[in-house]
Amino acid sequence: MKNEEEILNMFDKIAAKYDFLNNIISFYTHIFVKKAAIKALNIKRGSKILDLCSGSGDLGRIIKDNVSNVTVFGADYSVKMLDIAKKKNPDIEYFNMNATALEFEDNSFDYVVMGFGLRNIPNKNAALAEVCRVLKPCGKFLHLDFGQKTIFSKIFDKVVLFAVSLFTKEKDAYTYLINSKNNFLEPEELVKTFEEQGFICEKIRYLLFGIISFQVFKK
């Protein structure tokens with residue numbers, strides 16, 4: 001796995017075309033799965049939410065568009081990604097923070113959401129400990145990422161590498177992201193890891209023939 005600095009530099013390099021390529025390689029299904037995950041979270045009005053590893057800001061935007069009277073904050077380690085998120089979501093306050101050392105007080109948020117981020121953090125346990133720390137008691141944590149390693153997942157890998165070769169010179173970055181997906185724990189194994197960090201799994205769902213999975217945990 002790349003080290004923290006290498007991963008940061010990689011995301012800064014691909015930021016400009018990140019949304020465009022996500023649309024291409026997923027055939028726009030990434031928006032569907034993000035909306036489905038947020039809907040399953042059943043966010044209550046008046047809640048305070050952290051979009052951690054926010055990237056270009058899709059999850060925060062979906063929350064603001066679908067739940068009234070909520071306060072959303074975003075945090076990401078890549079300044080270039082945050083620049084895009086800020087333009088897309090001027091009504092969300094973003095912070096440049098390392099997920100393993102968040103600068104928020106204990107018990108700050110009713111919900112923390114993380115999409116496609118944890119597998120790219122070298123010290124995953126430290127990041128999960130920070131999520132648990134900043135969540136309020138009984139707060140909810142949504143984790144969204146790739147799911148089971150099936151034939152559909154392998155086909156997806158080939159489609160991604162072919163598509164990015166047509167539209168970007170940063171093929172190495174997407175090769176890394178494919179590898180990080182394939183080396184990441186499957187959802188059932190993730191649940192055990194999360195429970196060791198003090199979370200209780202409330203639901204686990206699979207989408208797109210198991211290629212994508214999201215889990216909802218309670219502190």
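Structure first, text after, so check above.
Quick caveat: nothing in here was measured; it's all calculated off a predicted structure.

Novice: Explanation requested: a nonpolar patch on the surface in the structure shown.
Specialist: Side chains of Phe27, Ile151, Phe152, Ile155, Val159 and Phe209 sit close together on the surface and give an oily, nonpolar patch of about 650 Å² of accessible area. Within the fold, Phe209 resides in the loop between strand S6 (200-207) and strand S7 (212-218). Its relative accessible area of 66% is what places Phe209 among the exposed residues.

Novice: I'm lost on the pattern of salt bridges in this one. Help?
Specialist: Any two side chains of opposite charge can pair, so long as their charged atoms come close to each other. Under the counting rule described, the total for this entry stands at 11 salt bridges. For Lys88, the salt bridge identified is with Asp58, shortest N-O distance 2.7 Å. Highlighted residues: Lys88 in helix H4 (residues 79-88) and Asp58 in helix H3 (residues 58-66), separated in sequence by 30 residues. Overall, the relative accessible area of 29% leaves Lys88 in the partly exposed class. Overlapping salt bridges bring together Asp19, Lys34, Asp58 and Lys88 as one network.

Novice: Quick question: what am I supposed to make of the packing of helix H6 (residues 151-167) against helix H7 (residues 171-183) here?
Specialist: Contact geometry of H6 with H7 gives a least axis separation of 9 Å together with a crossing angle of 170 degrees. Classified by the interaxial angle, the pair formed by H6 and H7 is roughly antiparallel. Here Ser153, Phe156, Asp157, Val160, Leu161, Val164 and Ser165 of H6 lie close against H7, whose contacting residues are Lys171, Tyr174, Thr175, Ile178, Lys181 and Asn182. For the contact of H6 with H7, a count of residues per class yields 6 nonpolar, 4 polar and 3 charged.

Novice: When you look at the environment of Thr150 in this model, what are you seeing that I'm missing?
Specialist: Within the element layout of this structure, Thr150 appears in the loop between strand S5 (135-146) and H6. When the C-alpha atoms of Thr150 and Gly210 are compared, they prove to be 7.6 Å apart, with 60 residues separating the residues in sequence.

Novice: Got a minute to help me understand the nonpolar core in this structure?
Specialist: Generally speaking, soluble globular proteins have nonpolar side chains that are buried together. In terms of nonpolar packing, the biggest core is built from 47 residues, with Ile43 and Tyr174 touching the most fellow members. Not counting residues up to four positions away in its chain, the partners in contact with Ile43 are Ile38, Ile49, Ile63, Val67, Val70 and Tyr111. By size, the runner-up hydrophobic cluster in this structure holds 27 residues, among which are Cys53, Ile121, Ala127 and Leu128.

Novice: Would you mind going over the pairing of strand S4 (residues 109-115) with me for this structure?
Specialist: Both faces of the sheet carry side chains from a regular strand, because those side chains alternate between them. Across the 7 residues of S4, 6 count as buried, placing the element largely inside the fold. The pairing of strand S1 (residues 48-52) with S4 spans 4 bridges and is parallel. By the bridge assignment for S4, Leu50 is matched with Val112. Pairing of S4 with S5 involves 6 bridges; the strand directions are parallel.

Novice: Is there a simple way to explain the sheet that holds strand S2 (residues 71-76) in this structure?
Specialist: Strand pairing within a sheet occurs via backbone hydrogen bonds; the two strands may be parallel or antiparallel. Reading across from one edge, S3-S2-S1-S4-S5-S7-S6 is the order of the 7 strands in this open sheet, with mixed pairing throughout. Each edge of the open sheet carries a strand with a single partner, namely strand S3 (93-96) and S6. In this sheet, adjacent strand axes meet at a mean angle of 15 degrees when their direction is disregarded. Sheet topology places S5 next to S7; 7 bridges connect them, and they run antiparallel. Across the sheet, the residue bridging to Phe141 is Phe217, located in S7. Most of the contacts of helix H8 (residues 187-196) go to S6, to which it runs at about 160 degrees, and overall it touches S5, S6 and S7.

Novice: Would you mind showing me how to read the packing of aromatic side chains here?
Specialist: Describing an aromatic ring pair means giving the distance of the ring centres and the angle of the ring planes. Applying the stated criterion across every chain, the model contains 14 aromatic pairs. Here the aromatic rings of Phe141 and Phe194 are separated by 5.7 Å at their centres, their planes lie at 15 degrees, and the arrangement is stacked. Of this pair, Phe141 sits in strand S5 while Phe194 sits in helix H8; the two residues are 53 residues apart in sequence, bridging distant segments of the chain. Here Phe141 and Phe194 have matching classes, each one buried.

Novice: Explain the pairing of S7 here, please?
Specialist: Where burial is concerned, most of S7 is hidden: 6 out of the 7 residues are buried. Sheet topology places S6 next to S7; 7 bridges connect them, and they run antiparallel. For Leu207, the partnering residue across the bridge sits in S7 and is Ile212. Counted between consecutive antiparallel strands, the loop separating S6 from S7 contains 4 residues, among which Leu208 sits at a positive phi close to 55 degrees.

What counts and how
Residues numbered from 1 in each chain as written. Predicted model: local features only at pLDDT ≥ 70, side-chain atom pairs only at ≥ 80, totals over all residues. Heavy atoms only, no water. Patch = residues over 30% accessible without salt bridge, like charges linked within 9 Å, V, L, I, M, F, W, Y side chains within 5 Å. Areas by Shrake-Rupley, 256 points an atom, 1.4 Å probe, with all protein chains shown as cover. Salt bridge = Lys/Arg side-chain N within 4 Å of Asp/Glu carboxyl O. Helix = DSSP H or I, 4+ residues; strand = E, 2+ residues; numbered from the N terminus. Buried < 20%, exposed > 50% of the residue type's maximum accessible area, 1.4 Å probe, protein only. Axes fitted to C-alpha atoms, helices over the stretch in contact; angles between N-to-C directions. Parallel < 35°, antiparallel > 145°, perpendicular 65-115°, else oblique. Contact = heavy atoms within 4.5 Å. Nonpolar A, V, L, I, M, F, W, Y, C, P; charged D, E, K, R; others polar. Core = buried A, V, L, I, M, F, W, Y, C linked by side-chain atoms within 4.5 Å. Pairing = 2+ DSSP bridges. Phe/Tyr/Trp six-rings, centres within 6.5 Å; stacked < 30°, edge-to-face > 60°.

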